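# Observations on chain architecture
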Amino acid sequence: GQLSDLARKTVEPMVLATHGPDAAAVRAGQQFLGQGAWDDTAILVRHQGLVAESLGEPDGVVIFDGSGFPKQGTHSVGVARQYCGAVGKVANCQHGVFAAYVSRKGYTFLDRRLYMPQPWFDEAHAPLCQRDGVPTDLTFQTEPQLALDMLDGLVERAEVPFSWVMADEHYGMIPSFLDGIESRQKWYFAEVSTSTKVWVGAPQVEAPSPGALGRPRKHPRLAPGEAKAQEVAQVAAGLPAEAWQRYTVKEGSKGPIEAIFAFVRVTRARRGRPGAPAWLVCRRSTDETGEVKLFLSNAPATCPPEDLVRVSGLRWPVETAIEEAKGELGMDHYETRTWRGWHHHMTQTFLAHHFLVRMRLKVKKKRLL
């Protein structure tokens, strides 16, 4: 049904189109989606293995992004007034966090989490949580925390090969998210806010030692006389003209897409103290706006600039996958209100999307990246 050309891909029209006018079948389909006991976690694990077979490459990229689903009323699981990208403003909606995979062969979904706003954990929402089947042991997690949970599963199962994790500024502004990726031995490439602070190069530090009053310091500190950390926007603005070079990011439908890049080895600031080394990647558009976007990556100092350029252009696959899933597969057409129903529907959508990706590969469409 989700692969059909129906205008509305909710259970009833899909069942009517594929099975005929049978009210019992419609009810069965609704129950299968919303209350069915089938284990979509096990299906997702198998799905990820299939994604690895069709798209897997050692330097693959996992991308995390969120998407909103506008809803009426207050009874759908996790619904609240929150920012909804689908309408571009704060609205009544549900919000999902998604993990997508991209390689030179293509892109598709890997995993998903429903974001549960903090008010859903108060006493007033307890009856709704019970009715919607929210797990009783569920605790509040931010979107970056949900992303790290999905990353843990991908790392532990080791089904899908990847080296990079990419995210936008919403995630990149959270130091614990970036540190979490690094602690899992993956390279992050994340857009960061212009006010993010770094040191150019490696500042001198003093090792932990007893303090002046005899209390030991647990962390290294900046050595006396060292300059304070700078905002990344200041670093980019202070670069000489020769530091910037034009690169081809990818081949677009209308020719090569190019941007102007500068790469600076920096030391990240963590609570005012020097942290780990990183790349500051400055990307300036070639149009009249000259817009500059700033990224941090913990890729090693030996990482070729061409690799950083390539990864910088891989933000679009997750957005495109969500657009395709909503526009062609009814990702946002569900009417189920339950926790289980939301996750079941997303799992089925992933399977449908990957089916189309495999068909694209079978008819040998050109490589995407």
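Refer to the structure printed above.
A brief report on the enclosed structure follows. (Residues numbered from 1 in each chain as written. Predicted model: local features only at pLDDT ≥ 70, side-chain atom pairs only at ≥ 80, totals over all residues. Heavy atoms only, no water.)

Here we take up helix α1 (residues 11-19). Residues V11, M14 and V15 constitute the buried set of α1. The buried residues of α1 occupy one face: seen down the axis, they fall within an arc of 95°. After α1 finishes, the residue G20 shows a positive phi value of roughly 105°. (Buried < 20%, exposed > 50% of the residue type's maximum accessible area, 1.4 Å probe, protein only. Helix = DSSP H or I, 4+ residues; strand = E, 2+ residues; numbered from the N terminus. Arc of directions from axis to C-beta.)

Our next topic: the layout of surface pockets. Empty space among the atoms becomes visible once a probe the size of a water molecule is rolled across them. Size it by volume and the largest pocket reaches roughly 540 Å³. Residue lining of the largest pocket: 26 residues in total, with T41, R112, R113, W339 and H343 positioned closest to the centre. Among the secondary structure elements, those contributing two or more residues to the lining of the largest pocket are α3 (40-55), β4 (106-115), α5 (143-157) and α11 (339-362). Grouping the amino acids of the lining of the largest pocket by side-chain chemistry returns eleven nonpolar, eight polar and seven charged. (1 Å grid on protein atoms, 1.4 Å probe; cavity = no way out; pocket = protein on both sides within 12 Å on 5 of 7 lines; lining within 4 Å. Points joined across faces, edges and corners; volume = space filled by probe spheres on them. Nonpolar A, V, L, I, M, F, W, Y, C, P; charged D, E, K, R; others polar.)

Time to look at the packing of aromatic side chains. Scanning all chains against the criterion turns up 18 aromatic pairs. Where Y107 meets W316, the ring centres are 5.5 Å apart and the plane angle is 75°; that geometry is what we call edge-to-face. You can see Y107 sitting in strand β4 and its partner W316 sitting in helix α10 (residues 316-328), a full 209 residues away along the chain. Ring plane angle 85° and centroid distance 5.8 Å describe the contact between Y247 and F263, whose orientation is recorded as edge-to-face. In this pair, Y247 sits in strand β11 (residues 245-252) while F263 sits in strand β12 (residues 255-270), placing the two residues 16 residues apart along the sequence. Classification of F263 as partly exposed rests on a relative accessible area of 21%. Three or more aromatic residues joined by ring pairs form one cluster here, namely F69, F98, F109, Y334, W342 and F350. For R265, the ring lying beneath its charged end belongs to W279, and the centroid distance is 4.9 Å. (Phe/Tyr/Trp six-rings, centres within 6.5 Å; stacked < 30°, edge-to-face > 60°. Lys NZ or Arg CZ within 6 Å of the ring centre and 35° of its normal.)

To continue, consider the pattern of salt bridges. Under the counting rule described, the total for this entry stands at 16 salt bridges. Here R184 ties to D152 by a salt bridge, and the two come within 2.5 Å at their closest N and O atoms. Residue R184 is located in the loop between α7 (175-183) and β6 (187-191), and its partner D152 is located in helix α5; the two are separated by 32 residues in the primary sequence. Exposure remark for D152: the relative accessible area of 23% places this residue in the partly exposed category. In this structure, E182 and R268 form a salt bridge, with 2.8 Å as the shortest nitrogen-oxygen distance. Separated by 86 residues along the polypeptide, E182 in helix α7 and R268 in strand β12 bring together distant segments of the chain. For E182, a relative accessible area of 28% translates into the label partly exposed. (Salt bridge = Lys/Arg side-chain N within 4 Å of Asp/Glu carboxyl O.)

With that settled, consider the side chain of S312. Following the sequence through the fold, S312 ends up in helix α9 (residues 305-312). On the accessibility criterion, S312 (4% relative accessible area) is buried. Not counting the four nearest positions on each side in its chain, S312 is found in contact with M166, F189, V249, F261 and R283. (Contact = heavy atoms within 4.5 Å.)

Within the element layout of this structure, P13 appears in helix α1. In sequence terms P13 and T41 are 28 residues apart; their C-alpha atoms lie 26 Å from each other. Setting aside residues no more than four positions away along its own chain, P13 makes contact with L6 and R8.

We now examine the packing of α5 against α7. In contact at an axis separation of 10 Å, α5 and α7 are set at 10° when each is read in the N-to-C sense. With respect to each other, α5 and α7 are oriented roughly parallel. Residues P144, A147, L148 and L151 of α5 form the contact with α7, whose own contacting residues are S176, F177, G180 and I181. A breakdown of the residues in the contact of α5 with α7 according to their chemical character gives six nonpolar, two polar and no charged. (Axes fitted to C-alpha atoms, helices over the stretch in contact; angles between N-to-C directions. Parallel < 35°, antiparallel > 145°, perpendicular 65-115°, else oblique.)

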